[in-house]
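# Chain and residue survey
Take a look at the letters that make up each chain.
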Amino acid sequence: MSLVNVHVHHKTSRHSEGKKWSAKCKCIVVLSNMKQKCLRVAINATGKSASEEPRQWCIFTTCPVYDLDNNVAFIGMYQTMTKTAAITVQRKDFPSNSFYVVVVVKTEDEACGGPLRFYPLRPDELIDAGNRSKTLDVVVSPAISSDVYVMGMLFCLGIFLSFYLLTFLVACVENKRSVDRPTVVYRKPGVTPVSPYEYGSFVDNASTLSSEAITDSIASDANYGYMERSLESVAGRSRQESLSSIEEDDYDTLADIDSDKNIVRTKKYLCVSDLARKDKRVLSKKYQIYFWNIATIGVFYALPVIQLVITYQTVVNVTGNQDICYYNFLCAHPLGNLSAFNNILSNLGYVMLGLLFLLIVLQRDVIHSRALDRNDLNALECGIPKHFGLFYAMGTALMMEGLLSACYHVCPNYTNFQFDTSFMYMIAGLCVLKLYQKRHPDINASAYTAYACLAAVIFFSVLGVVFGKGNMVFWIVFSVLHILATMLLSTQLYYMGRWRLDSGILRRIVYVIYTDCIRQCSGPMYIDRMVLLVMGNIVNWSLAAYGLLKTPNDFASYLLAIAICNLLLYFAFYIIMKLRSGERIQCMAMVCILFTAVVWGFALFFFFQGLSTWQKTPAESREHNRDCIVLSFFDDHDIWHFLSSIAMFGSFLVLLTMDDDLDNVQRDKIFVF
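Residues numbered from 1 in each chain as written. Predicted model: local features only at pLDDT ≥ 70, side-chain atom pairs only at ≥ 80, totals over all residues. Heavy atoms only, no water.

## Notes on the overall build of the protein
Within the protein one finds 19 helices and eight strands. Every one of the 673 residues in the protein was classed for burial, and the buried ones make up 49%. Element-wise, carbon and sulfur atoms account for 64% of the exposed surface of the protein, whose accessible area totals about 32,400 Å². (Helix = DSSP H or I, 4+ residues; strand = E, 2+ residues; numbered from the N terminus. Buried < 20%, exposed > 50% of the residue type's maximum accessible area, 1.4 Å probe, protein only. Areas by Shrake-Rupley, 256 points an atom, 1.4 Å probe, with all protein chains shown as cover.)

Now the structure itself:
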């Protein structure tokens, strides 16, 4: 290690004719007998008013050396600084084995985020800008060796491969238990077996089923939805597989079906069997579209993003301008043309754990399909209806989040941050949809509607990045639309989709207010739903008011906070209602919940360390830079990547396993909430 101390004492002044004076210093570093491929050059400023005077420093490869404020950026690598700065220098960029370190004092603090001083125009009068004494410590030290790179890669792979091993062991244990568990299969002679694709569905000759459903609907009001029927009586009902088209519209356009929907869905107490009446093939086809659509979206979204960040990295390498990207320069390890390889590598967990989740879902899908093929009554008539399309979409979204987060960290800045958050919106939205689908499989949103709404969210995210800073008109429009969307969604959820948005909506609203609030004061018919929606409206109206009053600069994070708050609120409501309904959470699901909560806590701790921020100038952002904390290779934000990917994986497992306790419970005994 070589240490070069440069002491600078200067006085800046201005003349009325506009002459500018700036102090400058330079030193030459000669590389001799150095085996390292990289060096780290760090500059620390100490002394009187060290934070007030910004500087711009530059590294040169050859003479001539440009050392003036107006030409210092012509050649080499340069960046602005206030208190501290660092650059990793690669030997391949300096074939002469030497380089200059030049420090130039800027004439105005504004260049690094300071205030622009006012100098009155007085002819022939010299304005004293004050004395500032600075001591610069220029430290040139060897960067990490290739062995540290290898250790970092192995560490990253080892962490996430251990989850593959743990999953394999758990799968072996579960498989052994399933072999020992007896299977109930209906094989009664003379009776047509239950079709594995028509639990509770409408078929051509099932008029008795329709009347029975209405009878059950009436009976459920008296006994809170409990039906005293055995599995044999359920399985003994004769059904034939429909030979007609299995498109969902074939059911929704029948005249008698519409009236039956009103009878079933407007009951005071609903059971899962009431909302799981459509043909399984219809719903499987409907929910598989989620997976194929998000895979297509991911490809078309990622390709231009990759091209753009490669262009950003190329511009940084060619121009040498280190102010374009907001790295943690004290822990940015280059590899090839990448300036911060460690920040990219740490996103590997999202991809690997997303793939692992897809494999887990595939295993469950195969097991469930085999159970349906052998007419297993538990698979046919018990538990939450199993549709895996949304789970496949969630796993794919997690993998895409890893890819796009890696793209963002190629050159992190304000305009690129939308790449890091786009699939976070997707993940939050898909998780909410999956929670709702569990108890409402027949009336959950289609993939086209869901992705159209998410596209609108991403569209507003882009508008917020471009126009959101200090633009009150934008915030007023967004807040109004946010509140209107909240009210429309609340109405949709409360009435289970049995309402219409047409020209008569205002008349019906006035009528309901008159009959239920003025003529007679009656409480809400669906109390549980009303409690959830009131809490949701309070949260969303509060967030809208906060955005309107504070107008935060980071609109993408604000929008993500709205999505996460709504997801957490619905998840808490689901857990509370599940326990309130007498259901229980199995050991595996409880372990996942506790583990995920702990990991999320640690992850958020590292996230809020704030190693850099593009809400400030590049020079001010470097004041937050810190050294690596793990293996001299990963910083706090890399640990956030590790822990958050594990926490997201655990959150997905919670959604996958939280209703396993209902696998042997008839659907007409499982409450809807």
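Moving on, there is more to tell.
## Quick word on the packing of helix H8 (residues 348-373) against helix H10 (residues 389-410)
Running from amino to carboxyl end, H8 crosses H10 at an angle of 170 degrees, the nearest separation of the two axes being 7 Å. By the angle between their axes, H8 is roughly antiparallel relative to H10. Contacts between H8 and H10 pair Tyr350, Val351, Leu353, Gly354, Leu355, Phe357, Leu358, Val361, Leu362 and Asp365 from the former with Phe391, Tyr392, Met394, Gly395, Thr396, Leu398, Met399, Glu401, Gly402 and Leu403 from the latter. Looking at the contact of H8 with H10 residue by residue, the class counts come to 14 nonpolar, four polar and two charged. (Axes fitted to C-alpha atoms, helices over the stretch in contact; angles between N-to-C directions. Parallel < 35°, antiparallel > 145°, perpendicular 65-115°, else oblique. Contact = heavy atoms within 4.5 Å. Nonpolar A, V, L, I, M, F, W, Y, C, P; charged D, E, K, R; others polar.)

## As for the nonpolar core
Grouped together as the largest cluster of nonpolar side chains are 113 residues, with contacts concentrated most on Tyr290, Phe357, Leu430 and Tyr451. Those residues in contact with Tyr290 that sit more than four places away from it in its chain are Gly389, Leu390, Ala393, Leu430, Leu433, Ala445, Ser446, Ala447, Ala450 and Tyr451. Listed in part, the 16 residues of the second largest apolar core include Met77, Ile87, Leu136 and Val140. (Core = buried A, V, L, I, M, F, W, Y, C linked by side-chain atoms within 4.5 Å.)

## What to know about the state of the cysteines
One pass over the full model with this rule turns up two disulfides. Across the disulfide from Cys325 sits Cys411; the S-S distance is 1.8 Å. Between Cys325 and Cys411, the disulfide has an S-S torsion of -90 degrees and is therefore left-handed. Of the two residues, Cys325 sits in the loop between helix H6 (280-319) and helix H7 (341-345) while Cys411 sits in the loop between H10 and helix H11 (417-439), which places them 86 residues apart along the sequence. Each member of the pair, Cys325 as well as Cys411, is classed as buried. (Disulfide = S-S within 2.5 Å.)

## Points about the pattern of salt bridges
This structure, assessed with the given rule, holds 11 salt bridges. For Asp659, the salt bridge goes to Lys438, with nearest N and O atoms at 3.6 Å. A residue pair is termed long-range when its members are at least 10 positions apart, and Asp659 in the segment after helix H19 (636-657) and Lys438 in helix H11 qualify at 221 residues. The exposure class of Asp659 is buried, given its relative accessible area of 4%. Glu583 is the partner of Lys578 in a salt bridge, and the nearest nitrogen-oxygen pair spans 3.1 Å. Sharing partners across several salt bridges, the network here consists of Lys438, Arg439, Lys578, Glu583, Asp659 and Asp661. (Salt bridge = Lys/Arg side-chain N within 4 Å of Asp/Glu carboxyl O.)

## Observations concerning the packing of aromatic side chains
Counted under the stated rule, the structure contains 35 aromatic pairs. Taken together, the ring pairs in this structure connect Phe459, Phe460, Phe474, Trp475, Phe478, Phe555 and Tyr558 into an aromatic cluster. (Phe/Tyr/Trp six-rings, centres within 6.5 Å; stacked < 30°, edge-to-face > 60°.)

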